[in-house]
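# Structural features, examined
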Amino acid sequence: MARAFHTKADFTASESPYSLLPFRFIRLDEERELLTTDWGEWLIAPAGTARAVVHREIAPSSELYRRLKARQMIADDYSSPLLDVAAAKLRTKKSFIEEFTNLHLFVVTLRCEHSCPYCQVSRQTTDRAAFDMPIAVADRSVDLMFQSPARNLTLEFQGGEPFLAFDTIRHVVQSARRRAGAEGRGLFPVVATNLAVVTNEMLEFCRDHGVRISTSLDGPAWLHNRNRPRPGGDSYERAVDGIERARSILGRQNVSALMTTTQASLDHPREIIDEYVRLGFGSIFLRSISPYGFATRSRRKRGYELDRFLAFYKDGLDYVLELNRRGTRMVEIFARILLTKILTPFPTRYVDLESPSGAGISAVVYNYDGSVDPSDESRMLREMGDDSLRMGTVWDSYEDIFGSEKFLELVADGTAEALP
């Protein structure tokens, strides 16, 4: 049965002293509920509060009434200034829309010397240069990137292993730097790399052109090498060596790491976090496997149920909090994103949890073959034969790509506030 919106009358009753404003709620335990709004207000209240609010049973003289009104969860005849505050907060929350697409992902090659079982990409062997992005495609992708109205552009190189196509990276960065300087825009390049093939020459180029490094680190040596096999079985050793060399050349602040949780990881959240602490990282993103693309081929063998991941995540988050209480600063990134959404009016720029969806609006992918996708997941699906989300090619005009019916439908379907 299809769900529908209630009428305006359901939210405003003439005999009631107050009207409802949008809020969400969840039962914390037998005695407490959590109420939150889209603009960063929250309230922990007695169980049954949400029902009492909806049924207009909150007495205007009560302290609970004043708390609900102050947090713009209800409104009465004297709420106008508070509603202006709520509107300002909501505009702030949605401010990412004003800049439109600021994250531009360039898939410069599918070649990779790793054979990670959870990889979403149809990786190719290192000798298959046919899966590299041609310079003409790269140049046209840069043209499209600079047609975005965003004043600050993040240029992220992906693969495969991007450093196997270092000449393309160098060409794109130099070209984009010249154009950003001429147009007075900010440009923030980053390479998502396993660091196994990186040379000091490549790192020195990154240093000289303000390119940051984002690498993969799944945990201690035995786990990283198991998750990320390569010839020689030395993925961990190469990653750690690359991290140290990158830090010494680029500066510690310009090198970050990201982990993926596999079945082998589930019983070891604390060992994984300890490895990040040992290597001097101040944050970790306890990230699940993405069930897209070629990762689905190994899902039965290496995947896991959501409950197992949540147990892993909760144990890991508890340990992060314990480390902080002991004086070791460590941030769990996903918790920070969620708390920012709940407790503040500020956007997170985390594409997966934006509304409208960040697909296309906040991020766009230029594939090695010239295809343009609204997200990495769209690219993965297309590698499996499903091109229903593809927005076009780099040879299309900017207006045709971002003004197409397909893109507008994607925006509409990704706007949570419009979905009952």
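Throughout what follows, the structure given in this document is the object of discussion.

So, how was this worked out
Residues numbered from 1 in each chain as written. Predicted model: local features only at pLDDT ≥ 70, side-chain atom pairs only at ≥ 80, totals over all residues. Heavy atoms only, no water. 1 Å grid on protein atoms, 1.4 Å probe; cavity = no way out; pocket = protein on both sides within 12 Å on 5 of 7 lines; lining within 4 Å. Points joined across faces, edges and corners; volume = space filled by probe spheres on them. Helix = DSSP H or I, 4+ residues; strand = E, 2+ residues; numbered from the N terminus. Nonpolar A, V, L, I, M, F, W, Y, C, P; charged D, E, K, R; others polar. Pairing = 2+ DSSP bridges. Contact = heavy atoms within 4.5 Å. Axes fitted to C-alpha atoms, helices over the stretch in contact; angles between N-to-C directions. Buried < 20%, exposed > 50% of the residue type's maximum accessible area, 1.4 Å probe, protein only. Right-handed = clockwise from strand over helix to strand, strands pointing away. Salt bridge = Lys/Arg side-chain N within 4 Å of Asp/Glu carboxyl O. Core = buried A, V, L, I, M, F, W, Y, C linked by side-chain atoms within 4.5 Å. Disulfide = S-S within 2.5 Å. Phe/Tyr/Trp six-rings, centres within 6.5 Å; stacked < 30°, edge-to-face > 60°. Parallel < 35°, antiparallel > 145°, perpendicular 65-115°, else oblique. Left-handed = near helix turned anticlockwise from the far one by under 90°.

### Details of the layout of surface pockets
Size it by volume and the second largest pocket reaches roughly 820 Å³. Lining of the second largest pocket is provided by 26 residues; of these, T36, L338, L339, K341 and I342 occupy positions nearest its centre. Every element with two or more residues in the lining of the second largest pocket is listed here: β2 (24-27), β3 (32-36), α3 (80-93) and α13 (333-343). Of the residues forming the lining of the second largest pocket, the biggest block, six residues, is contributed by α13. Along the lines of polarity and charge, the residues of the lining of the second largest pocket split into 14 nonpolar, four polar and eight charged.

### Re the sheet that holds strand β15 (residues 392-393)
Overall, mixed pairing links the eight strands, which are arranged β10-β9-β8-β7-β6-β13-β14-β15 in an open sheet. Here the strands that pair on one side only, and so sit at the sheet edges, are β10 (255-258) and β15. Pairing of strand β6 (residues 103-107) with strand β7 (residues 152-158), which is carried by five bridges, proceeds in the parallel orientation. Across the sheet, F106 pairs through a bridge with F157, a residue of β7. Packed on one face of the sheet, helix α5 (residues 135-145) meets β6, β7, β8 (186-193) and β13 (363-366) and runs near 175° to β6. Here helix α14 (residues 376-383) sits on the sheet and contacts β6, β7, β13 and β14 (371-373); the angle it forms with β14, its principal contact strand, is near 130°.

### Description of the pairing of β8
With six of its eight residues buried, β8 lies for the most part within the structure. One ladder, built from six bridges, connects β7 with β8; its direction is parallel. Within β8, the position partnered with L153 by the bridge is L187. After leaving β7, the chain enters helix α6 (residues 166-183) and then returns to the sheet as β8, a path that is right-handed. Here β8 pairs with strand β9 (residues 212-216) via four bridges, running parallel. Along β9, the bridge assignment pairs A192 with S214.

### Comments concerning the pattern of salt bridges
One pass over the structure, following the stated rule, counts 29 salt bridges. As a salt-bridge pair, E417 and K94 come within 2.7 Å of each other at their nearest N and O atoms. Taken together, the positions of E417 in the segment after α16 (405-413) and K94 in the loop between α3 and α4 (96-99) put the pair 323 residues apart, joining distant regions of the chain. R179 is paired through a salt bridge with E183; the nearest N and O atoms lie 3.1 Å apart.

### Regarding the nonpolar core
Counting residues in each nonpolar core, the largest one holds 81 residues, and the members touching the most others are F106, M145, F157, F163, I213, Y276 and Y366. Sequence-distant contacts of F106, defined by excluding residues within four places in its chain, comprise M133, A138, S141, V142, M145, L155, E156, F157, Q158, V172 and Y366.

### Considerations on the state of the cysteines
This model, assessed by the stated rule, comprises zero disulfides. Here C206 stays free of any disulfide, with the sulfur of C112 as its closest cysteine sulfur at 17 Å. Accessibility expressed as a relative area gives 1% for C206, which makes it buried.

### Remarks on the sheet that holds β3
Taken in spatial order, the three strands of this open sheet run β2-β3-β4, and their pairing is antiparallel. Of all the strands in the sheet, the pair left with one neighbour each is β2 and β4 (42-46). Averaged over all adjacent pairs, the angle separating strand axes in this sheet is 25°, with direction ignored. Packed on one face of the sheet, helix α2 (residues 63-70) meets β3 and β4 and runs near 160° to β4.

### Description of the environment of A52
Within the secondary structure, A52 sits in helix α1 (residues 49-54). Between the alpha carbons of A52 and D29 there is a distance of 17 Å; along the sequence they are 23 residues apart. Other than its neighbours up to four places away in sequence, A52 contacts Y18, E57 and I58.

### Examining the packing of aromatic side chains
Enumeration according to the criterion identifies 19 aromatic pairs in this entry. The interplanar angle of 50° and the centroid separation of 6.0 Å between the aromatic rings of F285 and Y350 together place this pair among those described as tilted. One end of the pair, F285, is in the loop between β11 (283-284) and α11 (299-302); the other, Y350, is in the loop between α13 and β13, with 65 residues separating them in the sequence. F285 gets classed as buried once you look at its relative accessible area, which sits at 12%. Members of the aromatic cluster, connected to one another through ring pairs, are F285, Y304, F309, F312, Y313, F334 and Y350.

### Description of the packing of α6 against helix α7 (residues 200-208)
Orientation of α6 relative to α7, taken along the N-to-C sense of each, is 15°, at an axis distance of 11 Å. Taken together, α6 and α7 sit at an angle that is classed as roughly parallel. As for the relative orientation of α6 and α7, their crossing is left-handed in sense. Across from F166, R170, V173 and Q174 in α6, the residues of α7 making contact are E201, M202 and F205. Of the residues in the contact of α6 with α7, the class split is four nonpolar, one polar and two charged.

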